[in-house]
Structures are given as structure tokens and as C-alpha cells.
Amino acid sequence: MSEFESSKGDRSEVALEPVYISGSIQPYGILLALSEPELLVLQVSANVQECFKVTPQELLNHSLEMLLDAATIAEIRQELESLSPNGSSKLSLRIESRDRAFDGTVYRAESVLILELELAQPEIRHFQIHSRTKNAIAQLRQVSDLTEFLQAAAVEIHRMTDFDRVMVYQFDADGAGAVVAEVKRDNLPAYLGLHYPATDIPAPIRELYRQGLVRYIPDLSARSIELIPRDNPQTQKPLDLQLSILRSVDSCCVEYHHNMNVAAILVIALIQGEKLWGLISCHHQTPKLLAYEIRQSCELLGQLIASELANKVNTEELNYLMKLRSLSSEFVSSISQMDDLRQALINPVERLLDLVNAQGAAVCLNDEITLIGTTPSLQQVHALLQWTDAFIPAIPLPKNALFHTNALPKRYSGAETFKESASGLLLLQISKVPHYTILWFRPEVLQTVNWAGDPSSSFSVAADGGVTLCPRQSFEQWQEIVRSTSLPWKTGELENALDLRNAIVGIVLKKADELAKVNQELESSIQELDSFAYAASHDLKEPLRGIHNYSNLLLKGYSEVLDDTGRARLQTLIRLTRRMESLINALLRFSRLGQTEIRLQLTDLNQVVSQVLEDLPINRPELQAQIRIPRPLPTINCDTVLIQEVLVNLISNAVKYNDKPDQWVEIGFVEKPRNPALGNKKPTSSPRSPLPTTYVFYVRDNGIGIRERHLNSVFRLFKRLHEQHLYGGGTGAGLTIAKKIIERHRGQIWVESEYGKGSTFFFTLEES
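Residues numbered from 1 in each chain as written. Predicted model: local features only at pLDDT ≥ 70, side-chain atom pairs only at ≥ 80, totals over all residues. Heavy atoms only, no water.

**Q** Quick one: what's the story with the overall build of the protein chain, residue by residue and with numbers?
**A** Across its full length, the protein chain carries 18 helices and 32 strands. The 768 residues of the protein chain split such that 47% are buried. Of the roughly 39,100 Å² of accessible surface on the protein chain, 51% is carried by carbon and sulfur atoms. (Helix = DSSP H or I, 4+ residues; strand = E, 2+ residues; numbered from the N terminus. Buried < 20%, exposed > 50% of the residue type's maximum accessible area, 1.4 Å probe, protein only. Areas by Shrake-Rupley, 256 points an atom, 1.4 Å probe, with all protein chains shown as cover.)

**Q** Please give an account of the pairing of strand 31 (residues 749-754) that cites residues and values.
**A** Judged from the six bridges that link them, strand 31 and strand 32 (residues 758-764) form a sheet pairing that is antiparallel. The residue of strand 32 that forms the bridge with E754 is G758. The loop that links strand 31 with its antiparallel partner strand 32 comprises three residues; one of these, G756, has a positive phi angle of about 85 degrees. (Pairing = 2+ DSSP bridges.)

**Q** Outline the nonpolar core, supporting the account with residue identities and numerical values.
**A** Grouped together as the largest cluster of nonpolar side chains are 51 residues, with contacts concentrated most on I114, L140, I157, L239, L266, I280 and L301. With residues near it in sequence (within four places) discarded, L266 still touches T161, F163, V214, R215, Y216, I280, S281, C282, L290 and C298. Of all hydrophobic cores here, the second largest spans 37 residues; its members include V608, V612, I667 and Y695. (Core = buried A, V, L, I, M, F, W, Y, C linked by side-chain atoms within 4.5 Å. Contact = heavy atoms within 4.5 Å.)

**Q** Residue-level account of the pattern of salt bridges, with values.
**A** When the charged atoms of two side chains with opposite charge come close together, those side chains can pair. All chains considered together, the criterion is met by 16 salt bridges. A salt bridge links R295 to E118; its shortest N-O distance comes to 2.6 Å. With R295 in helix 7 (residues 292-308) and E118 in strand 7 (residues 112-119), this residue pair connects regions lying 177 residues apart in the sequence. Classification of R295 as buried rests on a relative accessible area of 6%. Owing to a relative accessible area of 10%, E118 belongs among the buried residues under this scheme. Where K660 meets D659, a salt bridge forms, and the shortest distance between an N and an O atom there is 3.4 Å. The class of K660 is partly exposed, set by a relative accessible area of 25%. Look at D659 and you get partly exposed, because its relative accessible area is 48%. Three or more residues are tied together by salt bridges with common partners; here these are R94, D103 and E293. (Salt bridge = Lys/Arg side-chain N within 4 Å of Asp/Glu carboxyl O.)

**Q** So, the packing of helix 17 (residues 640-656) against helix 18 (residues 734-744): which residues are in play, and what are the values?
**A** Here helix 17 crosses helix 18 at 145 degrees, and the two axes come no closer than 9 Å. When the axes of helix 17 and helix 18 are compared, the crossing they make is left-handed. Judged by residue contacts, L642, I643, E645, V646, N649, L650 and N653 of helix 17 engage G734, L735, I737, A738, I741 and I742 from helix 18. Residues belonging to the contact of helix 17 with helix 18 are distributed by class as follows: nine nonpolar, three polar and one charged. (Axes fitted to C-alpha atoms, helices over the stretch in contact; angles between N-to-C directions. Left-handed = near helix turned anticlockwise from the far one by under 90°. Nonpolar A, V, L, I, M, F, W, Y, C, P; charged D, E, K, R; others polar.)

**Q** Could you give me a rundown of the side chain of D639, with the residues and numbers involved?
**A** Tracing the backbone through its elements, the reader meets D639 in the loop between strand 28 (635-638) and helix 17. Put simply, D639 is tucked away with no salt bridge, and the nearest opposite charge, on R599, sits 5.9 Å away. Among the polar contacts listed, one links the side chain of D639 to the backbone nitrogen of V641, at a separation of 3.3 Å. Residues in contact with D639, not counting those within four places in the same chain, are E597, I598, R599, L600 and H745. (Lys, Arg positive; Asp, Glu negative; His and termini not counted. Polar contact = N/O pair within 3.5 Å; in protein donor to acceptor, adjacent residues only side chain to side chain.)

**Q** Now, about the sheet that holds strand 4 (residues 41-45): what can you tell me, with residues and values included?
**A** The antiparallel open sheet is built from seven strands, whose spatial order is 2-12-4-3-7-6-5. Every other strand in the sheet has two partners, leaving strand 2 (24-25) and strand 5 (90-97) as the edge strands with one partner each. Taken together, the eight bridges between strand 6 (residues 100-109) and strand 7 define a ladder with antiparallel strand orientation. Bridging across to strand 7, T105 finds its partner in E116. Of the strands in this sheet, strand 5, strand 6 and strand 7 are in contact with helix 2 (residues 70-80), which crosses strand 5 at around 165 degrees. Across the sheet, helix 7 is in contact with strand 5, strand 6 and strand 7; its angle to strand 6 comes to roughly 45 degrees.

**Q** Could you give me a rundown of the sheet that holds strand 29 (residues 664-670), with the residues and numbers involved?
**A** Overall, mixed pairing links the five strands, which are arranged 27-29-30-32-31 in an open sheet. On the outer flanks of this sheet lie strand 27 (626-628) and strand 31, each paired with one strand and no other. Taking the axes of each pair of neighbouring strands and ignoring which way they run, one obtains an average angle of 15 degrees across the sheet. Direction of pairing for strand 27 relative to strand 29: parallel, over a ladder of three bridges.

**Q** Describe in detail the environment of W664, supporting the description with residues and values.
**A** Summarising the element assignment, W664 is placed in strand 29. For the pair W664 and I627, spaced 37 residues apart in sequence, the C-alpha separation works out to 5.8 Å. In contact with W664, other than residues within four places in its own chain, are A625, Q626, R628, N658, R700, D701 and N702.

**Q** With reference to specific residues and values, describe the side chain of R206.
**A** Within the fold, R206 resides in helix 5 (residues 203-210). The buried charged residue R206 lacks any salt bridge, with D172 as its nearest oppositely charged partner at 7.7 Å.

**Q** Break down the confidence of the model for the protein chain for me, with residues and values.
**A** Averaged over the protein chain, the pLDDT score is 77; the fraction of residues at 70 or greater is 73%. Contacts from residues 718-731, a stretch scored under 50 in pLDDT, to residues over four places away or in other chains number 37 contacts. (pLDDT = per-residue confidence, 0-100.)

Written as C-alpha cells, this is what we have:
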């Protein structure tokens with residue numbers, strides 16, 4: 001399609017010598033390199049004598065006045081004031097001097113001013129070119145459909161230039177391209193729909209076109225004209241001809257186009273934003289001299305076509321985009337009404353898949369993965385997630401929120417085993433913490449690509465592994481079956497995925513804000529309830545103490561008057577008041593546990609147990625049991641006061657609920673959890689603990705035991721398994737409080753028991 005220079009290197013990134021460092025030009029014009037501000041001639045093309053009666057040697061280091069009159073030079077100097085000093089722009093000039101007319105282009109390159117001149121063609125009628133250009137613009141603006149617009153563009157350029165073939169060539173993301181519109185002579189083979197590999201127009205050449213280059217070669221067989229001297233005297237390097245219209249043609253480019261039976265070309269770059277969208281490529285089978293004014297009009301049309309690309313859309317594509325936007329709107333509205341995010345995403349299944357036109361998806365919310373539609377296995381999805389975590393660069397969201405490919409097996413070798421279901425992948429990262437990700441899958445679709453000749457013939461591989469670009473010999477249609485790829489993801493589908501992410505993040509933030517308000521209100525309510533509980537307990541305890549004291553006074557003062565029934569009733573009343581006060585105290589302690597701050601500190605459990613055992617006879621002097629501690633207890637991180645209360649409850653219960661003549665209580669620990677609910681997972685040890693081992697503590701006795709049907713209810717508040725007067729009474733709140741304390745330590749507590757033989761209470765602490 002255009003020119004390149006051959007070089008050795010890797011096939012995907014072939015190293016290219018700069019084509020603009022050629023040291024020569026085409027013969028249809030002359031080139032002069034001038035110093036500023038003197039306008040002395042530093043370099044000149046060897047053909048200058050064909051336009052001016054002066055040799056290159058006579059002209060070098062002399063003023064431009066040897067060629068042009070003073071008035072013309074003054075006009076040139078005036079025009080130079082509007083020329084960009086950084087060398088990124090060009091000026092077009094009409095120069096008439098000494099009965100000669102030239103079309104000129106002037107620009108800066110490195111440290112010199114470059115002037116290119118072509119003899120003007122007197123037969124050109126400027127008003128006709130202007131009228132033709134105006135009509136072409138009007139015709140193009142009437143077309144809205146993209147495909148029709150590109151075809152109309154090819155038609156208008158063909159009318160302007162009368163080249164044998166005019167094509168519109170569009171690049172893909174990898175630099176390869178395809179002919180998307182074509183106008184040609186009837187006897188020429190069609191190139192419409194054919195694909196061309198990226199090596200036909202390598203990256204350095206595409207970069208030149210991205211800068212807005214218009215390339216015109218009227219005769220590919222014409223000999224090149226050398227610059228004299230070859231190097232720029234000011235830099236001692238070859239002249240930079242990046243912006244040159246006259247720059248000579250590489251021999252590889254000549255051979256490439258001769259193989260297509262092309263003798264002349266005109267190429268116009270189509271720039272959309274700062275991206276090279278494609279080219280308008282014109283071919284002629286014989287040398288063709290095109291007037292400067294016509295080429296300028298074609299360049300103007302090219303700029304208009306490029307600017308209109310964003311406004312022209314395929315009607316079918318537009319309808320599809322509208323459908324996608326409607327689906328996205330309905331989806332976002334639906335999930336905003338639901339509290340369960342996973343259920344909102346996967347029900348109904350079709351909605352999540354239709355959002356991006358996928359056949360399968362995996363919704364990954366932390367460690368929970370839900371597969372819907374046609375997908376790889378759960379194990380394969382786990383492996384894929386590990387690969388994406390390592391593969392996708394760790395850049396901040398949302399830039400890194402979206403990764404997509406329609407050739408996953410080419411990027412991830414493990415995908416070859418499930419390419420039938422997931423050759424295409426669209427990954428949406430909603431958040432990193434928590435780890436919320438959605439993966440959409442597309443199956444393998446075998447695609448037939450029509451190439452303009454075998455694409456592998458555009459390079460040759462040497463024995464040493466080196467790769468050399470070379471012109472292809474054939475451009476006849478060559479078909480390739482492309483495997484391990486899916487249909488590509490469209491822009492609208494990618495936008496829908498990002499919209500879904502933004503919606504989920506917004507909904508989660510809104511829910512978090514609502515939850516924060518609820519928590520604030522709940523905290524206020526708890527504080528009010530706490531104040532009420534203290535006030536109520538005070539108001540209840542005072543009359544209870546009064547009843548208790550008054551009953552004692554009656555028993556002592558009127559014992560002789562009261563009969564046995566009266567004394568028994570007063571004693572019952574005293575016990576009831578004592579029990580009610582104990583219940584009130586237990587309720588207060590239980591309610592305060594949820595608000596009590598856990599104060600972790602290194603605690604020697606041996607000292608805690610000693611204190612509990614020392615206090616136990618004071619509280620219950622009638623209870624006696626042998627205490628066994630098989631080995632010293634460890635030092636752990638915990639709230640000392642709260643854990644002491646747990647041990648008081650467990651040890652006192654072990655002593656109290658024992659009817660054996662030889663009572664014993666064993667206090668110890670093991671290093672493996674025995675709770676089936678924990679499985680093989682041990683609670684995480686705290687980095688602050690001097691011991692890395694996780695412990696399971698226990699209090700074991702040989703008491704009355706617990707029936708199996710009661711094992712799940714012993715931790716319920718005020719749940720007693722015996723009548724009040726048996727085993728020393730109690731409120732039934734001790735184990736509930738112990739469980740609450742253990743849970744505040746992010747641990748677990750459970751019991752194992754055999755009725756009539758004894759019980760063992762186990763507990764773990766996350767910080768142990």
C-alpha cells in the first residue's frame with residue numbers, strides 16, 4: 001500500500017532504517033536547504049539547472065537572489081513569519097519570478113529552512129478545481145451511513161484525480177488493515193474486503209502518515225536526484241526529509257508496487273483525533289503527473305473525510321448500540337433495588353450476558369465464584385484469575401478496570417484447553433478490596449480472512465533466525481482460517497461493562513452511606529437503651545432490696561409468731577428477690593458486653609486460673625473438687641478481665657454440676673482444634689503474640705454431663721437444664737455471657753459431653 005525499507009529483526013517489531021534520511025528526491029521538483037535569516041543555499045538538488053540556468057556548484061553558499069527576484073524573496077520572508085518555529089508545519093506558496101511560475105512548499109527541518117519547488121502547470125483552471133472540490137464536499141456531507149460515506153469518498157477522490165484505482169484502507173489495533181471502499185477500472189482485480197498484514201506498512205511509516213503526510217510518487221521508475229552536498233553542512237548529517245513531498249522512493253517500495261502493476265501512487269492520511277484511522281490510496285498503472293492544485297484539493301478532502309468519520313455511523317451498528325444502552329439502563333435500575341449484589345447480577349442469567357453479548361460469565365465476589373452460561377470449569381476460572389492478577393499491570397482503577405481480548409489462548413497458554421467456551425475474555429474489575437470481578441466469555445469462532453496474497457511472504461527468515469522485510473510477489477486472494485479467536489468486543493459493549501462497574505460502585509457507596517446512618521441511629525438508640533437499662537435496674541433493685549430486707553426483719557422479729565408455713569413463704573420471698581436481682585445484674589452485664597472495648601494485653605493464664613481458684617471457695621465454700629492442670633498454660637493476647645470471667649463461669653459450673661464422691665476439674669489446652677465446624681482451619685494467630693501456635697483451651701470435669709439433645713441450647717440466655725433449687729441455683733446467663741466474650745475475641749466455644757460421665761468445654765481465641 002505504501003513504502004518501507006527492508007531490515008533484519010523480529011517479525012513483530014522489524015527494525016527499520018528511517019526512510020526520510022534518503023539524501024535524494026524525486027525528479028519532478030527541486031529542493032533547496034537555506035540558512036536563516038540570510039537565505040544562503042546550503043544544499044540543493046542536482047537537477048536545479050533544469051529549472052534555472054545555474055549549476056549546483058555555482059549556487060551553493062550564495063543567496064537565494066541568484067534564483068528569485070527581490071520582490072519574490074520579500075514575499076517569502078513575510079510568509080515565513082507565520083511558519084511554526086518547531087518544524088511541525090508547512091506553507092504552500094505560489095512563486096512567480098523572472099517569467100517563471102512555481103508551486104512551492106516551505107518548512108523548517110533541524111537548523112535549516114527547506115524550500116521545495118515544482119513548475120506550475122499553466123493549463124490548470126483554478127476556478128474549476130475550486131468548484132469540483134466544493135461539489136465533492138457537498139456530496140460527502142449528505143451521506144450519513146459510514147460504509148456509504150467511505151465509498152462516496154473514494155468516488156470523489158477518483159473524480160478529482162482520475163487514478164485507475166482509489167481505495168480507502170482502514171487500520172486495525174495491530175497495524176494490519178483492510179480495504180473498506182474501492183473505485184477502479186473495470187479490467188482491474190478487486191481489492192475490496194482484502195486484508196493486508198502490518199508489515200506492508202510498518203510502524204515507522206504509519207507514524208509518518210499520522211503526522212499528516214501526503215505521499216505523491218508520479219513515476220515509481222524515475223531515477224532519484226541526489227542532494228549536493230549529501231550532508232547538511234551545519235549538522236554534518238543527512239538532511240531530515242520527514243515533511244518532504246519530493247523525498248525519493250525506496251527500492252523495496254518500487255518493487256512492491258511494480259508487483260501490483262502500479263507505476264504512480266497518491267496516498268492521503270486520514271487522522272481521527274491524534275490516531276491514524278486509515279489511508280486513501282490511489283494507484284495508476286502508468287506514470288501520472290498530477291497538478292499541485294489538485295493534490296492540495298485532495299488533501300483538503302482528506303481532512304474533511306477524516307473529520308466526518310466520527311459523525312458517520314453504520315445504521316446496523318447504531319441500532320445495536322441503542323439496544324445495548326437500553327439493556328444497560330434496565331440492568332442498573334434493577335440492581336439498585338436489590339440488597340443481594342450476587343443475586344442481582346445473576347438473575348435472570350440472560351441479562352448479564354446480553355449486556356456485552358457474551359455466552360458465559362463468572363461473577364467473583366471475594367472467594368465466591370458463580371458460573372453462568374457456557375464457561376470454563378471452576379478450577380480453570382480460578383487459574384485464569386491468578387493469571388490475570390499477575391498479567392494485568394497494577395495501575396489505579398478505573399484505568400485498569402477493563403481488560404479484553406478476542407484471542408485469549410494467544411495471551412494465556414492455559415486457555416487452549418477451554419478455547420471452545422472462552423477464546424474471548426472481557427474482565428471487569430469492580431474493586432480490589434473487596435475482590436469483586438466479573439469475567440465474560442465468548443466461544444471460539446473459526447474465521448476466514450481474505451488476504452491480498454500470503455501475508456508470510458512479506459518477510460523472509462534467514463538461517464540465523466533474522467527476519468527481513470521484502471516486497472510480496474503476489475496479491476491474489478489468499479484465504480486463512482483463523483482459530484482460537486472469538487468475535488471481537490465492540491466499543492459499545494466495553495462501555496456497557498464500565499457503566500455497570502460505575503453503577504455498582506455508586507450503589508455500594510450509597511448502601512454504605514445508608515448503613516452508616518443506620519449505625520449512627522442504632523448507636524444513639526443503644527446509648528439511650530443503656531441509660532434506660534441503668535435507670536430501670538436502679539428503680540427495680542431499690543424495691544427488691546426493700547422487700548428482701550423487710551422479709552429478713554419479719555423472720556427475725558416475728559419468728560415466734562409465724563408458723564412454719566409463714567416462715568417458709570418469707571424465705572421463698574427472700575430467695576425470689578435475690579434471684580431477680582441476679583437476673584437484673586446478668587442482663588446488665590450481657591448488654592454491656594456488646595459495647596465493651598476489648599483491651600488486648602499479654603496475659604499469663606496460669607495467674608488468671610490461680611486467681612479464679614483462689615476466689616472460688618470464697619464464693620462457694622461448700623464446693624470442693626480436685627483441680628488438675630496437666631502442664632503450664634501459655635501466655636496469650638486477650639482481655640484479661642473478660643477471659644477471667646469466662647474461666648470463672650466454666651470452672652464454677654464444672655465444680656457445681658458434679659455429684660461424684662471424688663470430684664475433679666481439669667484445665668488445659670491442645671494444639672489442634674477439635675470443633676468439627678472449624679475443620680482443619682486454625683484461627684489466625686496475632687503477630688503480637690510471642691507464640692505462633694494457635695491453642696484450643698478446655699475445662700473438663702467428671703460431673704453429671706449433658707444430654708445430647710441439650711448440647712445446642714446450653715448457651716442460650718437464661719436457659720437452665722435443672723430446677724432452680726438443684727445444684728446451687730443460678731440465673732442461666734453464665735454460659736451466654738462466656739460465649740459473648742469469646743465471640744468478641746473472634747473465637748469459638750463449644751461443648752462435648754457424655755451424660756452421667758462429665759463434660760468438656762472448649763474455646764479458641766483469635767488473638768491467642
